[in-house]
Each structure stands twice: as C-alpha cells, then as structure tokens.
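What follows is each chain in one-letter form.
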Amino acid sequence: MGFTTFLFLICILNFNQFLKAENLGVYIVHVDRVESDDLDTFYDSFLPTTTNVTAASNSDDQPRILHRYRHVFSGFAAKLSAAHDVASAHHSFSQFLGLNQNTGLWKNSTYGKGIIIGLVDTGITPDHPSLGDQGVPPPPAKWKGKCEFNSPRWTCNNKLIGARYLYRNHPSFCSGIAAAIEDGVDVLSMSLGGALHLHFADDIMAIGTFRAMERGIVVSCSAGNDGPKSKTMYNEAPWIMTVGASTIDRKITVNAVLGNGEELECETGTLDQMIPECHIVVCEGGKYLDNPVQQGTNVKGAGGAAMILINGKFGGDTTSVEPHVLPAMQITYADSLKLKAYLNSTSNPTATMSFKGTIIGGGRAPVVAAFSSRAPSVPSPGILNPDIIGPGVNILSSWPAYVDNSKTDSTKSPTFNMISGTSMSCPHLSGVAALLKSVHPDWSPTAIKSAIMTTADSVNLEGKPIQDEQLQSASVFAIGSGHVNPSRANDPGLVYDIMPDDYIPYLCGLNYTNQEVGIIVGRKVDCSKEKSIPEAQLNYPSFSIIFGSTPQTYTRTLTNVGKANSSFDVEIVSPDGVIVKVEPKKLVFPKLGDKSSYSVTFTRTNEGVMNSTQGFIRWHSAEYSVRSPIAVVFQN
C-alpha cells in the first residue's frame, strides 16, 4: 500500500568482536517492506549519517551496517550506539507518505531541487529556524522574484527566496497570484478559504488560479474546514487541486481510567505527569470545541486541576492537540458516551489520567477529519470534490507565537505548534506536486493532478476502506479519489489531461454568460460558437453524476505516460442502483504519449428513495492501476 515505513527494534545481540568502548551494540532493525531498486541506500537512510562503512572497515566514527536482510524479513543489522544512533534511526512522518531518504521518489526528484513553490497567505516569520537555508542551493536562474519585507531585520535566503507585501487597496489574493506568476513559481500553494460562491465568475480564487494554470503552474488549495456537512467545499474549480484533510499514524496518547475500571484512550492530549487525586473537570462543546485552551484557562482559574474535553456527535473521532495550560485530554464521541454513562451511574465519580507518550505506526489512519469540507460542489456539482485528501490533523508546524505554557522566556527555544485543518493538508499536496514536477517537467498541471488522483489509496493502514470521523466507511464526497500516495503518483501509467481551452466548453455548459466566461479565461468568448459540454464530459479523473431517470453517456481520453506497447483492461464497480457500461473494455497504447478514448454509460435501475451512492472504474495492467471514483446523486 505504501503509506508508511516505520521501524522498531526487535532484539539486541552482543557480538563482542564488533563492539567498541563507547557502549556500542549490534541491533537488528526491522523495517516495513517497501518496493525499492536500491535497498542498500534505503536501509542506510535510517542511520544518522549518509555514509555507512562495512564491518571490516577501520573507521571509528561511522555507524556500521553489518548485514542487510532481503529474504527472511526486511531490515538490517547495524553497529549502533543505543544512546544516540538508535534514537536517530526513527520513524519519519514522511514515511507515512511512502517517502524515504535516498531512494524512490525523493531520490528521483533530487528532493524537488530547482522547483519553486509560491505561498499566498496572511504572513510569514522570516527568521523562524524552519526557514533556515543550511545546505540549500541558490535559487534557480528562472527565479524573477523580489524580497520585500517591511522590517530591515528580515531578509530572504536560499530557502525563503522571495517575499512580497501585497495589500495595496485591491484583492490581496489576486495580487498574490499575479506576483507568483510574474516571479516564475512552479507550484502555487494556497491554504486559504473565503466565501462560498455560486459561480466561478464571482470567485477571485477561481479566476486567479485559472491564469496560473494556463501558465503551467500547479495550484493546490484547501478544501475548507466546514465539514462534516455536505455542500461546504471551497476552491472547487476543476483547474485547482482541492485538498481535504485526514489523520496520520502518530498519536499523542493520554489514558483515563474511570472509577468503574473503564479505560479511555485519548489520541491527543497534554499531560506532564500522573494526576493525583484532584478535581478533573469535564467540558462538553457543541458541534466543535470552541477555543479549548481558553476553556482550560477558565477551569484552572476556577480551581480545576485537570480537564477532559468531550466531543459532540459531529466531532466524532477527530481530536486535536492543543497547548493547554493544565493537564488535559480530548476524547472521541464514542468515549464521551462511556464517560457520561459512568458519571450518571455514581454520586462519587473518580478517574486517573496518565500520559502514555507518542505512538507511531499501525492503527486505522488515515481517517477523514470531521472538519474537512464535503461535496457536492455548489457551483459545479458535476465535478467531484475534494480531489484528494492528505495529512491535516495534528501536524507539527512552525508557529509565530510562543505556546509553551510552562515557560515564560520565549527566547529559549524555537516556536512550533500542533495545527489541524485543510490549511495543513494543502501544503503536503503542494510538496508532492513539486516532487512530481521535478521528475516530469513536461507534464501539465492537469497531468500531475490526474497522476495524484488516479493512484490514491482508498484503504487505510489496516487494508480496510478509509473511514470518516464516525468511523464509518468514508464516502467519495469526503475523500474524493482517496489519500495521496506520492510514490505511485510518480509512475501512474496513464493520465487524464485537460488543456486550458478545454475548460471553455465546460464553462459555457454551466450556462455562464459570454462575459462571465470571459472574466474567468481572460479573453472574449462567444458560447454560441463553442460546443458546450455538460460538466461530467470534462476529461476529469473522477465522475460526479446527477441522476434523474435518463441514461447518461460521457467520454474520457487517457494518455500513456508509462510504457510503450501497453494495454489496459477495465474493472467496473457500479454504484448501487446504477448500471455502468464501458466501451471498449480494453485500451491499447503502442507508444508513449499515445491517447485512447472510452465511453461510459450510466443507467439508473433504482427508482426508490435513495440520495447518493458510489463506485469506481479502474483501468489496470500487470504494472499499473488507474482508478476513477464515481459519485452519484439521485434527484428523486
């Protein structure tokens, strides 16, 4: 599946002939199996240096890999220091995405070298340590940007290569996009929302990003944080990669043992020590918990020693890490029902809270975040959104303000925070797009987006369907094509490509006026002379079908970016109440770059009361799987 490559120590062997005086030991490190052409380099990447000498070497300074296992299990034996080296050989969050140092997509893309990502946001802290440029090469020659800070103590460097202050009495989003185009960025990352729009012609984000896409820029935007209600999407224009949010396989755990022996494990919390007998205050929010840190401040001010925050039904399984002012934990909706039942069963409730630390790997991640906005799209229900989901819950992020409530001197350490939102998932996808752009500089923004969508994972770490915040199988209205799998996106086999002019028949098909279409595409358009198409006819990597009773037929065209002399067969999983027919059932591509088209007909078979359903079409060969989700909304 390729989501994660975590490692753990399974035994310690005392091979005295290999040990030195510095308390070195021989460790066998087990690593989840990955597909790699260079396992030696992959194993080396887990050690604290990139140079690993052999057991016969006389080096006294370098860690030594003694044996690399390939057949019995996946891993290696190495001579390491328990205090330093083993601690350095740790799970990396990037490995949750299937990215590993010195191998695979990261290696092939030279870590995105030469690719410029433009960020349009509300501000930046230029002197934050996360923006240090140690080891970063100078900006590429194509860079045309400027460094415009309003403080003389701030400057740009080889990582933060430019900055503009763009609030100049006209829409700052638009001016930010214009500056990014002018400066020569390759990817535009916009963790921004705004108002819901009925028409793209009224949406400055849709208009500005169309101009960026025309110039070959991949645009990644947040889907919005108004879930789990439907029709809450932002930034859903089809030329934007719209990104929803999901959890990762890292948990910061706190356990609460109730007086009746019931144990509640919270996946997120803040707790420095065991809590003795004291007053633990239970706080219940509404749809979401409003300002939990302030709630903790109120509890502490009233004499409370600790706090348990409980989710409402809408919050479900989504919990957030916060910089609390007192020991605190947030529990899921399911656990809140257990806690309430216990509180109602006794006049003298008791509980013990204990911090269990960080747990990595395993579990049911990714789970769709409760806040992640949902489809259908309002301005274009015939396009399925979000396009993709990615890590967006409890992400360790640089932060401009000091959040350590146990200290008062903010100069002692850098400022970081745990943040949740589609504003966190959007940059992850921007980074993936940058890697793909580096490997495939000739791919269009739409081809890159298609590669990401059609190779996405629809199952979690347990191999089961991705779940939503209620721990039910998530619908395509929540996950779109699924969870990003960067390594597979690097070699998708086939892509659905769309040229900028292809959007004009689509926009005319939305019954926009000539003026509205012209505002979006930046030139005069006469829709009476265009061959208007329905939304679902756009050559999109997914299907969103709005059904009455009449059968609907659409075409798609795939471009071969995999291997010459390849053929693909179709697999169809029809949505309930719908028959899906695809012709032809085999696509053949003699050469790279060849195109082949197919038609798909949707026929309704269920006239009963049904709101929506889903399925998929998958083109597959021995080496590739190209999957397109199908969303169906019935108009009864």
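Everything below is about the structure shown above.
Small disclaimer: the values here were computed from a predicted structure and weren't measured. (Residues numbered from 1 in each chain as written. Predicted model: local features only at pLDDT ≥ 70, side-chain atom pairs only at ≥ 80, totals over all residues. Heavy atoms only, no water.)

## Notes on unusual backbone geometry
For the bond running from A375 to P376, omega is 0°, close enough to zero to count as cis. Residue placement: P376 occurs in the loop between β15 (351–360) and β16 (388–391). The amide bond that connects E583 to the next residue, P584, takes the cis arrangement and shows omega of -10°. For P584, the location among the structural elements is in the loop between β23 (578–583) and β24 (586–589). (Helix = DSSP H or I, 4+ residues; strand = E, 2+ residues; numbered from the N terminus.)

## A short note on the packing of aromatic side chains
With the rule as written, the count across this model stands at 12 aromatic pairs. Ring centres of W106 and Y111 lie 5.5 Å apart, and the angle between their planes is 40°; this geometry places the pair in the tilted category. Given the relative accessible area of 42%, Y111 is considered partly exposed. Through successive ring pairs, a cluster of aromatic residues spans F200, F210, W239 and Y503. One cation-aromatic arrangement involves R627 over F616; the distance from NZ or CZ to the ring centre is 4.2 Å. (Phe/Tyr/Trp six-rings, centres within 6.5 Å; stacked < 30°, edge-to-face > 60°. Buried < 20%, exposed > 50% of the residue type's maximum accessible area, 1.4 Å probe, protein only. Lys NZ or Arg CZ within 6 Å of the ring centre and 35° of its normal.)

## Digging into the side chain of T415
For T415, the location among the structural elements is in the loop between β17 (395–398) and β18 (416–419). A polar atom in the side chain of T415 sits 2.2 Å from the backbone oxygen of W399. For T415, the residues in contact, after removing those within four places along its chain, are H128, S397, S398, W399, P400, A401 and Y402. (Polar contact = N/O pair within 3.5 Å; in protein donor to acceptor, adjacent residues only side chain to side chain. Contact = heavy atoms within 4.5 Å.)

## Here's the deal with the sheet that holds strand β21 (residues 552–560)
Within the open sheet, the 4 strands sit side by side as β19-β21-β25-β23. Their pairing is antiparallel. Looking at which strands have only one partner, the edges of the open sheet turn out to be β19 (494–495) and β23. (Pairing = 2+ DSSP bridges.)

## Focus: the nonpolar core
Of all hydrophobic cores here, the largest spans 43 residues; its most connected members are L188, F200, W239, Y506, L507, V517 and I520. For this core, the element with the highest residue contribution is helix α6 (residues 204–214), accounting for 6 residues. The contact partners of W239, leaving out residues within four places of it in the chain, are F200, A206, T209, F210, M213, K449, Y503, Y506, L507 and I520. Core analysis: the second largest hydrophobic core is formed by 31 residues, V218, L435, I448 and A451 among them. (Core = buried A, V, L, I, M, F, W, Y, C linked by side-chain atoms within 4.5 Å.)

## Side note on the pattern of salt bridges
Summed over the entire model, instances satisfying the criterion amount to 18 salt bridges. A salt bridge links D186 to K142, with the shortest nitrogen-to-oxygen separation between them at 2.7 Å. Here K142 lies in the loop between β5 (117–119) and α5 (172–183) and D186 lies in the loop between α5 and β6 (187–190), a separation of 44 residues in the sequence. Note on K142: relative accessible area 33%, which makes it partly exposed. For E214, the salt bridge goes to R523, with nearest N and O atoms at 3.1 Å. (Salt bridge = Lys/Arg side-chain N within 4 Å of Asp/Glu carboxyl O.)

## Some details on the sheet that holds strand β10 (residues 263–266)
Reading across the sheet, the 3 strands line up as β10-β9-β15 and stay open at both edges, with antiparallel pairing between neighbours. Looking along the sheet, the strands with just one partner apiece sit at the ends: β10 and β15. Neighbour to neighbour, the strand axes of the sheet diverge by 20° on average, direction disregarded. Strand direction decides the pairing type here: strand β9 (residues 250–258) and β15, joined by 9 bridges, are antiparallel. By the bridge assignment for β15, I252 is matched with T358. Packed onto the sheet, helix α8 (residues 333–343) meets β9 and β10 and runs at close to 145° relative to β10. (Axes fitted to C-alpha atoms, helices over the stretch in contact; angles between N-to-C directions.)

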